[in-house]
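# Fold and geometry: a report
One-letter residues, chain by chain:
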Amino acid sequence: MEPKISFLELLKPFHIKPRNEQYYIEALTHSSYAHEKHGGNLKDYEKLEFMGDAVFQLVSAELLYNTFPEKTEGELTKLRSKLVRTESFAKLGRELQIHEMMYLGHGEEKDRGKKDKIIEDVVEAFMGALFIDRGYKIARIVARRWLLQILKDLKEDDIEDYKSELQELIQSDSRE
């Protein structure tokens, strides 16, 4: 089934114009749609997911390293794993309504927005599309904003008593 919302809605808050819309369509295309509609000749999101995952890993490491300078490598690793896990990206994806932007086959359409793993994969694929289309500098800005949104929503015990530091970081980020 076709998307209910245009992917351009994700780019609008950042004033980003795509150079090649096909990357974003690919990032939002589930394999079921590619096979049903185009006999497997249409690309799905899996390859772009690989790229987006790498962008999120790098940006999250940089963000946590700079936000929590007193934490050890082990503590930063634990925090990063909470930040970039399936549940975190699925929640973000639902908040962004990315599941409403997806191209899905009939079998997946009935579960639109219900499968955490698919939403996580598409969030990562969209970041991969942004990276391929517009480069690291722009992808980093979007990834950072989305990661800050996830970080803000993590349970307080996940980030201990660093809430005031995080609030300052979020405020300074919104001014960029």
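What you see is a predicted model; the values in this text were computed from it and never measured. (Residues numbered from 1 in each chain as written. Predicted model: local features only at pLDDT ≥ 70, side-chain atom pairs only at ≥ 80, totals over all residues. Heavy atoms only, no water.)

## Details of the pattern of salt bridges
Here is the rule: The term salt bridge refers to a side-chain nitrogen of Lys or Arg lying within 4 Å of a carboxyl oxygen of Asp or Glu. Here's how the labels work: a residue is buried when its accessible area is under 20% of the maximum for its type, exposed when over 50%, partly exposed in between, all with a 1.4 Å probe on protein chains only.
All told, the structure shown has 9 salt bridges when counted by the stated rule. When the shortest N-O distance is used, the salt bridge between Glu 9 and Lys 12 registers 3.1 Å. When the shortest N-O distance is used, the salt bridge between Arg 85 and Glu 87 registers 3.9 Å. Taking the relative accessible area as the measure of exposure, Glu 87 reaches 48% and is therefore partly exposed. Members of the salt-bridge network, linked through shared partners, are Lys 91, Glu 95 and Asp 153.

## Remarks on helix α4 (residues 46-67)
As a reminder, the rule being used: For helices the rule is a DSSP run of H or I covering at least 4 residues; for strands it is a run of E covering at least 2, with both sets numbered from the N terminus onward. Multiplying one less than the number of residues by 1.5 Å gives the expected span of a helix. To obtain the arc, one takes the directions from the helix axis to the C-beta atoms.
Over its 22 residues, α4 runs 31 Å from end to end, which matches the ideal 32 Å to within 8%, given 1.5 Å per residue. The complete set of buried residues in α4 reads Leu 48, Glu 49, Gly 52, Val 55, Phe 56, Val 59, Ser 60, Leu 63, Leu 64 and Thr 67. Each buried residue of α4 lies within a common arc of 150° when the element is viewed along its axis, so the set occupies one face. Relative to its buried face, α4 has exposed residues pointing more than 90 degrees away, namely Lys 47, Phe 50 and Tyr 65.

## A look at the environment of Arg 134
Quick reminder of the rule: Contacts: residue pairs with any heavy atoms within 4.5 Å of one another. Under this definition, polar contacts are N or O atom pairs within 3.5 Å; protein pairs additionally need one hydrogen-donor-capable and one acceptor-capable atom, and for neighbouring residues in sequence, both atoms have to be side-chain atoms.
Here Arg 134 shows up in helix α8 (residues 116-134). For the pair Arg 134 and Ile 16, spaced 118 residues apart in the sequence, the C-alpha separation amounts to 8.7 Å. Residue contacts for Arg 134: discarding those within four places in its chain leaves Ile 16, Lys 17, Arg 19 and Tyr 24. At 2.6 Å, the side chain of Arg 134 and the backbone oxygen of Lys 17 are in polar contact.

## Looking at the nonpolar core
To keep things clear, this is the line we draw: We call a set of buried Ala, Val, Leu, Ile, Met, Phe, Trp, Tyr and Cys residues a nonpolar core when their side-chain atoms join them within 4.5 Å.
Among the nonpolar cores identified, the biggest contains 48 residues, and Leu 28, Ile 98, Phe 126, Met 127, Trp 146 and Leu 147 are the most heavily contacted of them. Sorting the residues of this core by element identifies α1 (8-11), α2 (21-27), α4, α5 (73-83), α6 (86-96), α8 and α9 (136-153) as the ones contributing at least two each. Sort the elements by how many residues they give to this core and α8 lands first, with 9 residues. The residues touching Phe 126, leaving out its near neighbours within four places in the chain, are Phe 7, Leu 10, Leu 11, Tyr 24, Ala 27, Leu 28, Ile 98 and Trp 146.

Any link to function would need more than the numbers given here.
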